[in-house]
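# Working through the structure, step by step
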Amino acid sequence: MHNTCTQVWTNCLQIIKDNIPAQSFKTWFDPIVPLKLEDKVLTIQVPSLFFYEWLEEHYVSLLRRTVKLQLGDEGRLEYNIVVDQSSNGVLPYTTKMPSSGNGSDNRKQSMPVPVNINRDIKNPFVIPGLKKIQVDPQLNPNYTFENYVEGDCNRLARSAGFAVAAKPGETSFNPLMIYGPSGMGKTHLAQAIGNQIRHTLPDKLVIYVSCEKFCQQFVESLKNNTINDFVNFYQAMDVIIMDDVHNFAGKEKTQDIFFHVFNHLHQSGKQIIITSDKAPKDLSGLEERLLSRFKWGLSADLQLPDLETRISILKKKMYVDGIDLPEEVVEYVAHNINNNVRELEGAMVSLLAHSTLNKKEIDLQLAKSMLKNFIKNTNKEISMDIIQKLVCDYFEVPMDLLKASTRKREVVQARQISMYLSKAMTRSSLKTIGAFFGGRDHSTVIYACQTVEDLIQTDKKFRTYVNDIEKKLKMS
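Definitions and cut-offs
- Per chain, residue numbering runs from 1 following the sequence as it is written.
- For a predicted model such as this one, the threshold for reporting local features is a pLDDT of at least 70, and the threshold for listing and counting side-chain atom pairs is 80 or more; totals across whole chains, interfaces and linings nevertheless cover every residue.
- Side-chain numbers here rest on the full set of heavy atoms in the structure, without hydrogens or water.
- UniProt positions are given in the numbering used here, feature names are shortened, and annotations may be inferred rather than shown by experiment.
- We count a stretch as a helix when DSSP gives it H or I for four or more residues in a row; a strand needs E for two or more, and each element gets its number in order from the N terminus.
- Here the term buried applies to any residue with accessible area under 20% of the maximum for its type, exposed to any over 50%, and partly exposed to those in between, with areas from a 1.4 Å probe on protein chains only.
- The set of buried Ala, Val, Leu, Ile, Met, Phe, Trp, Tyr and Cys residues whose side-chain atoms join them within 4.5 Å is what this entry labels a nonpolar core.
- The source of the domain bounds is an automatic or database domain assignment.
- Residue contacts are counted whenever heavy atoms from the two residues lie within 4.5 Å of one another.
- To obtain an axis, a line is fitted to C-alpha atoms, over the contacting stretch when the element is a helix, and the angle between two such axes runs from 0 to 180 degrees between their N-to-C directions.
- Orientation categories follow fixed angle ranges, with anything under 35 degrees roughly parallel, anything over 145 roughly antiparallel, 65 to 115 roughly perpendicular, and all other angles oblique.
- Here the nonpolar group is Ala, Val, Leu, Ile, Met, Phe, Trp, Tyr, Cys and Pro; Asp, Glu, Lys and Arg are the charged ones; every other residue, Gly included, is treated as polar.
- As a per-residue measure, pLDDT reflects the predictor's confidence and takes values from 0 up to 100.
- Pairs were defined over the aromatic rings of Phe, Tyr and Trp, the Trp ring being its six-membered one, requiring ring centres within 6.5 Å. Orientation was assigned from the angle between planes: stacked under 30 degrees, edge-to-face over 60, tilted for the rest.
- Placement of a positive charge over a ring is assigned whenever Lys NZ or Arg CZ falls within 6 Å of the ring centre and within 35 degrees of the normal to the ring plane.

Where an unreviewed UniProt entry is consulted, the protein appears under the name Chromosomal replication initiator protein DnaA, with the organism given as Pedobacter nutrimenti. As recorded by UniProt, the Sequence similarities (unreviewed entry) comment attached to the protein reads in full: "Belongs to the DnaA family." For the record of the protein, the UniProt heading Subunit (unreviewed entry) holds the text "Oligomerizes as a right-handed, spiral filament on DNA at oriC."

Here it is in structure tokens:
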């Protein structure tokens, strides 16, 4: 029985899904469509040239291995790339490129451009001289990519933002929606894109506006009967950065105006960047037609930074401010403040203020004293080291065996309980937990957690073990 291209690609996806983060899989592999399978060459369709370049740069080895696993050593991969020329009035077309794993330098291939485009035709709706207007972009010059620390929590959003800044309006990330809880750095990243565009493309008209400010301006324009000027101004922009679009909820007339501004900009090939505290599917109070447009491009989330990223953020701020703090103080602050980046930086400012006003040297004791008053709940997060030690002591198992490959029943039980408690009581990712316990992958952690949960429900003695250990951890 011959495999179809869909079957082969489905099998490939099963392998890929186990080897990359869920968000990356959803962003870079869900949109791919298998087209055909001929002579052990699998052809897949990707939505843009940037999409293709990203796959080739970050996932080419994984793709090559999975395709050969399914089709044998002769298995090859080719791409059909959708090239969007709709902003010039031309329908999208596709071009074929092989994977770089096939021995050809595909990056030197140029994208064909339809020859029937009359680029001399002027847009009759452009008002002469309008592009010469001076616009204050309302951007904070301190919000740059250089000051934005990259980590696992924001890598996708930052990479997409950098791509947008290089070619505003020309990538498939239009609109680019950055979402996440308050204090995660959405405004910083959005404005960094704007500042980068102004630096490299100074002729572009860039404007940053919060949703609340936009609503206020709209109300004022209604009062002053200048609604046309208001709309024309925003439609004249090359890049619009709209912060906190969730605040449009319940404001139907303002939504309607932004809907028309959005359509005009998008159809004109202009870049739209928006931020929100929730993903598009979770936003309420917004019109469905507006939500559907938010989903056109890329939605990238910002998550809570892990400990390493928090330490990097503090060190970056120390470098920018020209200060030097003991390593133990930096680690203590980063370990205890894990709610958001804004609180993290605020704690650093408070620590410096305490030191200056009280004329005290910044040390661990001062940091502990300051944090006690700065944040209500400064309970130290239980670490995986503590969990591992306590579980090993409880079951009388040597700690080094938990990271070894042994399959002895008592060791496996201690290892699985340790993984389960690490997932429940720390902010560590599945990947981090697996790496800590002897370089295991995230699927092993998922299996361990599921096994422990099942035994808690069915084995009274086992449930007692876990409850006892949890109590000891909370008291430690």
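## Thoughts on the environment of Ser-284
The topology assignment puts Ser-284 in the loop between β8 (271–276) and α10 (288–294). Given the relative accessible area of 56%, Ser-284 is considered exposed. Ser-284 sits 34 residues away from Gly-250 along the chain, and the two C-alpha atoms are 8.7 Å apart.

## Some details on the environment of Arg-65
Structurally, the position occupied by Arg-65 is in helix α4 (residues 60–71). Counting along the chain gives 10 residues from Arg-65 to Gly-75, while the straight-line C-alpha distance between them is 9.4 Å.

## Digging into the nonpolar core
Trp-9, Trp-28, Phe-29, Leu-55, Leu-63, Tyr-79 and Ile-193 are the most contacted members of the largest nonpolar core, which has 53 residues in total. Mapped onto the domain boundaries, this core takes at least three residues apiece from domain 1 (5–81) and domain 2 (145–301). If near-sequence neighbours (up to four positions away) are discounted, Trp-28 is found in contact with Phe-50, Phe-51, Trp-54, Leu-55, Tyr-59, Leu-156 and Phe-173.

## A short note on the packing of helix α7 (residues 211–224) against helix α9 (residues 252–267)
At a minimum axis separation of 10 Å, α7 and α9 run at an interaxial angle of 100 degrees. On the basis of the axis angle, α7 is roughly perpendicular to α9. On α9, the residues that touch Phe-214, Cys-215 and Phe-218 of α7 are Lys-253, Thr-254, Ile-257 and Phe-258. Looking at side-chain class alone, the contact of α7 with α9 contains five nonpolar, one polar and one charged residues.

## Thoughts on the confidence of the model for the protein
For the protein, mean pLDDT is 80; residues scoring 70 or higher make up 85% of the total. Within the model, pLDDT remains below 50 along residues 84–93, and this stretch shows 19 contacts once partners closer than five positions in the same chain are excluded. This stretch, residues 101–132, has a pLDDT under 50; its non-local contacts, to residues over four places away or in other chains, come to 36 contacts.

## Here's the deal with the packing of helix α17 (residues 409–425) against helix α19 (residues 442–458)
In the contact formed by α17 and α19, the axes pass within 8 Å of each other and the chain directions differ by 95 degrees. The orientation of α17 with respect to α19, classified from their angle, is roughly perpendicular. Counted together, Gln-416, Ile-417, Met-419, Tyr-420 and Lys-423 of α17 and Thr-444, Val-445, Tyr-447, Ala-448, Cys-449, Thr-451, Val-452, Glu-453 and Ile-456 of α19 form the full contact between these two elements. Tallied by class, residues from the contact of α17 with α19 come to nine nonpolar, three polar and two charged.

## Points about the packing of aromatic side chains
Using the criterion set out here, one finds 20 aromatic pairs in the structure. Both rings, one in Phe-214 and one in Phe-258, keep their centres 5.7 Å apart while their planes meet at 80 degrees; by these two values the pair is edge-to-face. Taken as a pair, Phe-214 in helix α7 and Phe-258 in helix α9 lie far apart in primary sequence, 44 residues in all. The residues Phe-214 and Phe-258 share a single accessibility class, namely buried. One aromatic cluster in this structure is built from Phe-214, Phe-218, Phe-230, Phe-233, Tyr-234, Phe-248, Phe-258, Phe-262, Phe-294 and Trp-296. The side chain of Arg-289 reaches across the aromatic face of Phe-259, ending 3.9 Å from its centre. Above the face of the Phe-436 ring, Lys-403 is positioned so that its terminal group lies 4.3 Å from the ring centre.

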